[in-house]
Structure formats: structure tokens, C-alpha cells
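Descriptive structure summary
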Amino acid sequence: MRLASSAITIAVLVLGFAAIAQQVGPGGTQPSPAPSPAPGTPASPNQPQVDESALRYFASQGDTRRVNAEIARLRALYPNWTPPSDLSQLSSGPAVAVDPIIERLWNLYKEDRIAEVRAAIAERQSTDPNWKPPEELTTALNSVEARRRLTNASDSSQWRTVLTVATENPNLLTCVNVDVLWRVAEAFAKTDQANRARDVYTYLLTNCGNPGERLATLQKALTVLPETQVADLLQFERKTGEAPDNFDSIREELARRRVERASNDDKTTASAEDLAVVERLIRNSNEPGPVLVLAWYNYHHGNPARALELFKTALDRNGGNKAAEGYAMSLRALERIAEAEAFAYDWRDKAPENMKVYLDVATALLTQDPPPRLEPRVVSRIVPVVTSQRFPDGAQALGWYSYNTSQFATARDWFRQALNWRAEDEPSAYGLALSTQRLNDKAGFNAIVAQWRNRSERIADLADGTTPVRPGQPRVPQAQTTQPAPVQAETPRVVVERSTAVEVEPRVRTTTATGSTSGRRNCIMTRSADGMAPDAALTLGWCLMEANRPMEAVNAFDQAIRRGSARTREEAAYGKSLAYLRKNLTSEAAVAAAQAPQTGQRRVELGASILAQRALAAYRDGRYVETILALSERARIVPEQNDLMLIRGWSYFKLGRHKDAEKVFRAVQRTGYSEEASVGLNAVLEASIPNRQ
Amino acid sequence: MRGFAKRGLLLSCLLAGVLSIASSMSSAQNVSVQPLNVVGTLPTAEWEAYRSKFIEDSGRVVDNANGNISHSEGQGYGLLLALAANDRAGFEKIWTFTFTELLIRDDGLVSWKWDPEAKPRVSDRNNATDGDILIAYALAKAGTAWNEPRYTTAAQKLAAAIGKHTFGRSGGNVFLLPGAEGFNAGERPDGPVINLSYWVFEAFPVLANLAPEYEWTRVWREGVTLLQQATSGRVRLPADWLSIQSRMQTKPADGFPPEFGYNSLRIPLYLLRAGMTDLEWLRALKVRWSAENEGVAVVNVVTGNVRERLNDQGYAILSAALACVLDGTPVPDTLKTFEPQLYYPSTLYLMTKSWLGEKHPQCV
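Residues numbered from 1 in each chain as written. Chains lettered and ligands numbered in written order. Predicted model: local features only at pLDDT ≥ 70, side-chain atom pairs only at ≥ 80, totals over all residues.

What follows covers the overall build of chain A. Scanning chain A from N- to C-terminus turns up 36 helices and 2 strands. When each of the 693 residues of chain A is scored for burial, the buried share is 46%. Counting contacts in chain A only where the partners sit at least 6 residues apart, residues at least 24 apart contribute 60% of the total. (Helix = DSSP H or I, 4+ residues; strand = E, 2+ residues; numbered from the N terminus. Buried ≥ 20, exposed ≤ 12 C-beta atoms within 10 Å, placed from the backbone. Contact = placed C-beta atoms within 7 Å.)

Dropping the structure here:
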């Protein structure tokens, strides 16, 4: 009688072990030749293979007490197990005297004290060299030791040892040792023998009956096999019998993985069934995992609105950084950029991905089209992040934002910063050239031109005096973008409210910087500027501008003009012009600007603003010739920006000058301001092709 | 301060170095490894004291000064001492643990570190070549002594793995790598790096018999040469870890303290056990280790400063063994009673005791 009779080995494994022989190779320990399959019968579905070696030994010794104890032990371990019927035949007549050491050895063996069994055998043999332990015991010891080595080797990723031990100990490869089979399968997979791994799983699913272990087998397969092979294994699901399988969770996992793969690839679509499975997984659990899968799937397949909902759900389920990342990205995709920025700001420090999203969203916010109304606190929280992250795109965006809000010195600093962080950033170089030009900073302008004229056509054009095109989009000046570093507190400013083009940010910070807070309080309480000292009147004027009461500000500025010094008068006249501009009173603004001599720069800014408003007013009234005249006059003092170029284009168009209109729209299109320019070009095209039907 | 050396002194140092290399070359050729019996050289009482303190029933040898971990070195010493005490049962236990828990590497070497608190318990699967050699040697001796083919077969496989994976080559020389990975030229900037205390000289002829296809003799002779080279400087002590990038000018390896430390303390023991008692360096060491001088200590090999004096009887007996062999001085009575406290010095004590028992019973 042999222990091996309880061990099932099957031909399918032999296939695998033939491969080990090759894989272990000549240099390693020589594996024994592929074991021939034991002719054992497959286990009945629900009955694990039980190690009956000790039982049989006691029976053969006629040790009834031990036999009964062992039967009780095995029953406790394997409730479905029934003792073999042939035990009585093993008892060879009257009980022979049992060697007491044998019992001790088996007891130690049962307690898993293998080293001590070995020691006791060695001890006995040292006094009795001819003594041999029972063969069953030797075999059992070898098996236990092999199983330990295999397990330890597997825990340390020593896959070749795993396969060698398995080859040398085929009796381990049975349904009693499902864990060993799993480890062997994993070793095959880890040594690039996925088919062998599949064979092991197939063997297990064909022969082993414990439903929990069968399901766990598929879960193991999911971790090591390609999914198509896992899907193939589903065919072994037992739908009938005492303990039928339920592999639905495996099917769901496969579906979830397919959706997950498609979720990051807009070219792959998941099937409706798979998507339905993920929806079900979402409903049936509180885990964020499947929600995120479906959220990303929607995000990458043109449904950001649904993605947003799902990311929200994932956030509610503690989906963490990934959920936050997706939520911000969905908001952005929905063009809810301000919300995206506010949300992403709170998550920016959680993970590098979240920081990246925040910087992207903040950059988008600064450069979005149409121009946003940015609150100062928004801009001032973007600044330190861009600075600490040394993010060149963010610096460039702050540059354009400053530029478009006529803060040319600030713009110049940001473009410089962007170039510090990314020397090859041509758009920042262009921005820097424009800013220095606007600031009349000849040295700065020449320096940047010298560096870039061979690399950038548009910078070369600027230097050559070719009509420059102002990049970027018009902005409503809302916030003072802070200097790159150090971050300054918010400075008082004048808000020019109209959301049309070319508003002017006054450069009066130095004169109004003091007492702005108290000034605000004062101007709310003070009713009239009459009788005020000129400087106080000036402060009041700016304060009222900030409070968006421009007509009262005009009174205050008038008081300052009447009584003030030259410098105060200049400032006040400037303020008064801005106040009229805000009320759209262009002519009054022009008159006010003339009330005191202005510095060259302010003259240019005010003149440009006044002319722009004039052009827009004319355009609104349908006076297109006047529009073009005003724009042309303006273009003589400052470069024409895209939105005004569009006005010019449409004016030409309305006047029937299609060729001119087309030229202007094309120029705008080349600067990247293309959507509106395309509308214009289409209109020109429509108009110039008579009756296509 | 090495940069400070006077020219004349430097020259004489260099000359001494050259001379000692020349003499070491010849003496490395002349020395030979004497076989040991090992079996039955350790009194049962001393072995029992060791076994009950450091070895669990599972056969695990516990390093109680080191977080109760186990290592291949400890298992190897345990096997060798069990053999010395003729304790077949004890040997079998230690081997069972070694075989099932540590002999798991794909290349057939032994993983060196086993930590009861770690998961998996093999917390560093790398090998340590001294552990491999000790285990293979003990198995080979036990296989013969007790006529147990299981041990001989295992010894043979392990010896072949050692020969295949831990013999490094550089120029025309073959040396012992401390581990299969991470020490050779190209594996670290100052590689190859060696540890002279990994040469368990007595094992080499035995393992050469089991795996004759590898160059065991050249490797142990290279060990002697490198030792003489590394002890030719002013302080005359080798660092535990040596870069042999320049074989004729070994230097302490980067990232290790430049110390003659716990590792190197074993070198004289291994030399004595292998019967290489003629080496001049042992005489110098005997003087240094004598009670009138600094005694057994951890010493900075660059400055010669003592970092730590080692008073445990396991270290003191190393010095006593040198005095016994070279001067015939008996081991002092204070060292005759074994009082095991910590794994490592206790192990050195018994390794020394068993050898004295075999070769110099008059001293004990």
C-alpha cells in the first residue's frame, strides 16, 4: 500500500513539468524525469484528498486506539471525509508489538514538528544502524518538507525552485494541497509559461471540488493569467450538484477590467453589457473603484457631464485624489473653469497629479476665452503656486493676463520668469518683446529681439516695425496680478468695468497706495468732495472708482484738478477720463484727458482706450466707416488686438469690402484666435459664392 | 594621517610591502590546509549548554544579540558544532530548518537572513558565502562521519552552487565573492569587494572533493595572498570589507567602517583550524592580542585606534588559542568553563574549543 494512492497527479501537469526540465536547464540541479501520472482516480467533487498515511499505518499495526483517534482527528478536519473501508484488511492478524518510537514519531508528525521527527529518527539510527522508519512516514516527511520549501521559495519569488521542488515531488500536486497548485501555477506564469499555468488551473477546476477553493482559483488566475485565458476557465463552472459554483464575480471583474482599459483610451469602446456590469457594481457596493472606472470612461468618451456626476459620487465614497483629479478635469471639460480652479486648488497638495491638474486649470482660467472676471483672491492664490512649482506655462499665462489688463511691467516680469524656467519658450519671449515695447523699455526690447529674431518670425516682425498683432485675448482688468516674487499683498486698483476691449489699468499705485482701506471707508461716508484738500479729493476719487461710483468720482477728481499741484492734476485728469470711459462717455473722457498734460504712456493708453470705445460705439450704431477710421487712428498709436481686428473685419464685411475682410480674418486666424475668425471667413465665403444651390 | 608620511618612512613602508608580497606569494604556495576530524571533539556538556540556549526545537539557531534572527552562518556553525559534539539528532534538526527555510534560492545557494518578525520570514533572500561554505562543509563531514547519503548529496549540490556562483575572477586570479550578487567588479564602483573572514580554509579541500570542476585550491591560496597583502600596512590588520580593485593594494571598501571588526576576528581561528600556523601575521596578532597589549578589539585599520575592546570569553579564547599554538601556553583556567551569553562569541568559543580539543588537548 502506498501513500501515493491518495495523490492525484494528472497528465496535464506532466506536460508542464516536461517544460520545467528544459527551463531548469543543464546548469541547475537535475530535475528528475517528468513524473508519470499516478493512475489515481480524480477526487469526487466535494471530497478533498485526505492524508490517510498515519491512519493506515496504525491500522496495519493493529493499534485500534490510535486508529480511532486518527479517524476522529481527520473527521474534525474534513467533515465530509469517510474512513476507508479497507482498514480492517490492513490489520495483519493479532497485533504485533508496536515499536513505541513509531507512535511518538507519528504524533510529532501530526503536530507538524518535522525537525523533531527527523531528529528522533536520526537518534534511533545512531544506536541502531539497521533500523528504518516506516516508508509511509519517510514519504510523508519528504512531502511536508517539500511543501515548506516550495511555499518559502514561492514567498521569496524563487520560481525555479518552486518548479524544481514540484517536479521532484509530484505527490504534492493534489487537491489536498490547493495552495501548492496555486503557487506552481504562479511560478509557471512568472517564468513566462502562461499556458502551463492555465493547465494547472484547468486541472484544479476539473478535479477539485471545494467551491471556495474553485472560486479562489479563478481569483488567483486573474492575478497571473491574461484575461482571455481567465475567460476560458469560466467554462468549468459547475452549475448543478450539491455545491454549485458561482463565478459571477469573476465575470464582473473581467467586465470591469475591459471597461477600465477602455476608460483611458477614447478609441476603445466598451460593450453595453460590460458598462451595465460596472453600473451594477456601483449600485451594489459603496466602493469608489468601479465608480472611478465608469467616470473615466465617460470622461474619455465625450461625456464630461456624466463623468462629473460619477466623480462626485466617487468623492463621496472617499475616492480620494483620483476622484478629485477627474472631478476637476470634468469641470474643465465642461468649461466651468472657475469652479475647476477653486476645486482643484483645495486638492493641489494631495498628489502630483492633483497639482498638475490645478496648474493646468489655473493656466486655462487665466487665458480662457472669452475673458473671465477674475477675483483678485483667485489670481493671488494662483501666483504662489505657479511660483513654488516653477511652472513656465503658468508664468506665461500670468504674463498674458497682466498684459491684457495693461499691467505691462508685471507682464514683463512674468514673461521673464517663464523664460527663466523654460528658456526655449517662444510665446513668452514674444510676450516679453511686446511688454518691453509697450513699456518703452528699449534696452529690454532690443535684448529680447537680439536673442530671438532668428528663431521667431513674429519677434523679428515686431523689431522690423511690421504691423504687430497683439496676442492673447482682451481682458477685463479685475485683479492686479502680483509680481512673480515675492508675493505682494493686493494693491489698490481702479476697476474699469466695461467688458469690451482695451480697458486701462491706471498706474497710480504709488499715489493711492497709502490709506486705501481707510479711504474706502471714508468714501462711503463722505458725500461731497467740495472743500476737500486736493490730495484727499484725489484719494476719494479713486476710492469711488473702486466702489464703482464713477460719476461721484468725476466730482472728486474735478476738485483735485481745480486746486491740486501739477502732478495731482495730471493724476486726477487721468482718473476723470477713466470715470467717463466707464460710463461710456467717450467725448467727455477725451476732454478730461486734455485737462492736464499726461505722461506719454498714459496719453497713449487713454488715447487708445478712447478710440477703441469710439470705434465700438460707432460699430454698435452701424457707422462702419467711422468704426474703421477710429480703429485706424488707434492703430497708429498702439498695435491692434484680435478682438478689435475682428471688429475691423466685420466692418469691412458690412461695407462689402470682402477681400479686406478676408485678409483681416485670416490674420486673426493665424494668431490662433481662430473660432471667431472662422465665423468671419465663412461669412466672407458665403457672401462671395453666389447661390450655391 | 597617510598623506603626512615622511618620505623615508613611506619608502621603507613600500619596500616592506613589496617584500611581504614577495614572501607572501611564496608562502601562499607553501602553506597547505590540514584536514580536521571535527567529530567528537566537543564535550557534551558544553554543546548542551549552547544548544539549549541558542537552538530551537525547529532547528533554528537564534542570534540573540541581533533581534533573534537566524542566518545561514549560524545554521552552518550549528551544524558544525553538532557534528563536533556527535549529536546526530541536533544536526538533523538544524539541517531540517536550513533545508526547508533557507535553501530556497533558484541558484542553489542559501538565503542568508531569516527574521521571525518578518513576512516572508526570509527577509533577505541574498546568500552570504561564508554561510554557504559552513553549511556545505558540515554536511560533507557529517555525510562521511555518519554515512548519511542525504547529507553528502546536499553538500555536493551546495558546493557546486558555491563554485558556480561565488567564485570571482579578476586578471588571472580567482577569489571568493561574499555574495552571488552585488560585490563583483561592475556591481559596485570599488568592486570587487571581498571579506577575508569568509574563507573558511579548512572547508576548501573537502568541497573540492565534492565539486572538483571548480578551482577551490586557487581560491583559498588567493585568500592567503590577499590576507598577507591586506596585513602588510602599518597597522597590520585587514579591514572586514576590502576592495581588491587593485590586488596589490587592497583598501577598505566604500561604505563600510575601515575596521578590523567582528568579521575579521575569525580569520586567525580559520587559519589555525586549517593548520596554517606558520603565517608570520599570526605571531604579530598574538602579540597585539596579548593581555599586556591591547587585547582582542575592534580596531580602525587606518589609524590603529581601538574602537571597542572585546572581553567576552569567546573572544579571549581566540587569543589563548594563538598563545597555545605558538608558545605552548595553556588556556587560562578562567576560560575553561563555558558560560554562553551571546550567540556569536559563544559560537567562536566552541569552534575554538573543539579545535583545541582535537589538535591541542594539552592546552585545555
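As a further point, take the overall build of chain B. Helix and strand counts for chain B stand at 12 helices and 11 strands. Residues classed as buried in chain B amount to 53% of the 364 residues present. Across chain B, the fraction of contacts at a sequence separation of at least 24, relative to all contacts at a separation of at least 6, is 63%.

Interfaces are often sized by the accessible area lost when the parts come together. Residue-level contacts link 22 residues of chain B with 21 residues of chain A. At 10 residues, the largest contribution of residues to the side of chain B that touches chain A is made by helix α4 (residues 88-102) of chain B. When its residues are assigned to classes, the side of chain B that touches chain A shows 6 nonpolar, 7 polar and 9 charged. (Nonpolar A, V, L, I, M, F, W, Y, C, P; charged D, E, K, R; others polar.)

Another aspect to go through is the pairing of strand β11 (residues 306-309) of chain B. All names here are of chain B. As paired strands, strand β10 (residues 297-300) and β11 are joined by 3 bridges and run antiparallel to one another. When the sheet's bridge partners are listed, Val298 is paired in β11 with Glu308. Linking β10 back to β11 in an antiparallel pair, the connection comprises 5 residues, with Gly304 at a positive phi of about 80 degrees. (Pairing = 2+ DSSP bridges.)

What follows is about the sheet that holds strand β6 (residues 193-194) of chain B. Residues and elements named next belong to chain B. The strand order β6-β7-β8 describes an open sheet built from 3 strands, whose pairing is antiparallel. Every other strand in the sheet has two partners, leaving β6 and β8 (251-252) as the edge strands with one partner each. The pairing of strand β7 (residues 242-243) with β8 spans 2 bridges and is antiparallel. Paired with Leu242 across the two strands is Pro252, which belongs to β8.

A few words on helix α30 (residues 566-582) of chain A. If you check α30(A), its first and last C-alpha atoms are 24 Å apart, about what 17 residues at 1.5 Å a residue would give, namely 24 Å. The element α30(A) is extensively covered by neighbouring structure, given that 14 of its 17 residues are classed as buried. (Expected span 1.5 Å × (residues − 1).)

Below, the discussion takes up the sheet that holds β11(B). With respect to topology, 3 strands assemble into an open sheet ordered β9-β10-β11 (chain B), the strand pairing being antiparallel. Every other strand in the sheet has two partners, leaving β9 (259-260) and β11 of chain B as the edge strands with one partner each.

A few words now on the packing of helix α10 (residues 280-289) of chain B against helix α11 (residues 313-327) of chain B. In helix packing, the relevant descriptors are the interaxial angle and the interaxial distance, both defined with respect to the helix axes. Residues and elements named next belong to chain B. Relative to each other, α10 and α11 sit at 125 degrees, their axes nearing to 9 Å. Of the possible angle classes, the one that applies to α10 and α11 is oblique. When you trace α10 past α11, the crossing you get is left-handed. Two secondary-structure elements touch here, α10 through Leu282, Arg283, Leu285, Lys286 and Trp289 and α11 through Ser319, Leu322, Ala323 and Leu326. Looking at the contact of α10 with α11 residue by residue, the class counts come to 6 nonpolar, 1 polar and 2 charged. (Axes fitted to C-alpha atoms, helices over the stretch in contact; angles between N-to-C directions. Parallel < 35°, antiparallel > 145°, perpendicular 65-115°, else oblique. Left-handed = near helix turned anticlockwise from the far one by under 90°.)

Our next topic: the nonpolar core. One recurring pattern in soluble globular proteins is that nonpolar side chains are buried together. The biggest cluster of nonpolar side chains holds 233 residues, and the ones touching the most others in it are A:Val184, B:Ala136, B:Tyr137, B:Leu139 and B:Leu207. Residues lining this core come from more than one domain, with at least three contributed by each of domain 1 (3-236) and domain 2 (250-470) of chain A. Among all residues touching B:Ala136, those that are not within four sequence positions of it are B:Ala155, B:Leu158, B:Ala159, B:Ile162 and B:Leu207. Core analysis: the second largest hydrophobic core is formed by 51 residues, A:Ala630, A:Ile647, A:Tyr652 and A:Ala661 among them. (Core = buried A, V, L, I, M, F, W, Y, C linked by C-beta atoms within 7 Å. Domains from an automatic or database assignment.)

Glancing now at the confidence of the model for chain A. A residue-level look at chain A finds 80% of positions with pLDDT of 70 or above and a mean pLDDT of 79. Counting contacts from residues 467-522 of chain A, a segment whose pLDDT is below 50, to residues more than four positions away or on other chains yields 134 contacts. (pLDDT = per-residue confidence, 0-100.)

Attention now goes to the environment of B:Trp146. Topologically, B:Trp146 is positioned in the loop between α5 (129-145) and α6 (149-165). By C-beta crowding, B:Trp146 is classed as partly exposed, having 19 other C-beta atoms within 10 Å.

Bringing unusual backbone geometry into the picture now. A cis amide bond links B:Lys119 to the next residue, B:Pro120, at an omega of -5 degrees. With respect to the secondary-structure elements, B:Pro120 resides in the loop between β2 (113-114) and β3 (122-124). Put simply, B:Gly191 and B:Pro192 share a cis peptide bond, and its omega is 0 degrees. With respect to the helices and strands, the residue B:Pro192 is situated in the loop between β5 (173-176) and β6. In this structure, A:Ser157 is a non-glycine residue whose phi angle is positive, near 55 degrees. By the element assignment, A:Ser157 lies in the loop between α7 (135-155) and α8 (159-168). Although it is not a glycine, B:Arg236 sits at a positive phi angle of roughly 60 degrees. Here B:Arg236 lies in the loop between α8 (216-230) and β7.

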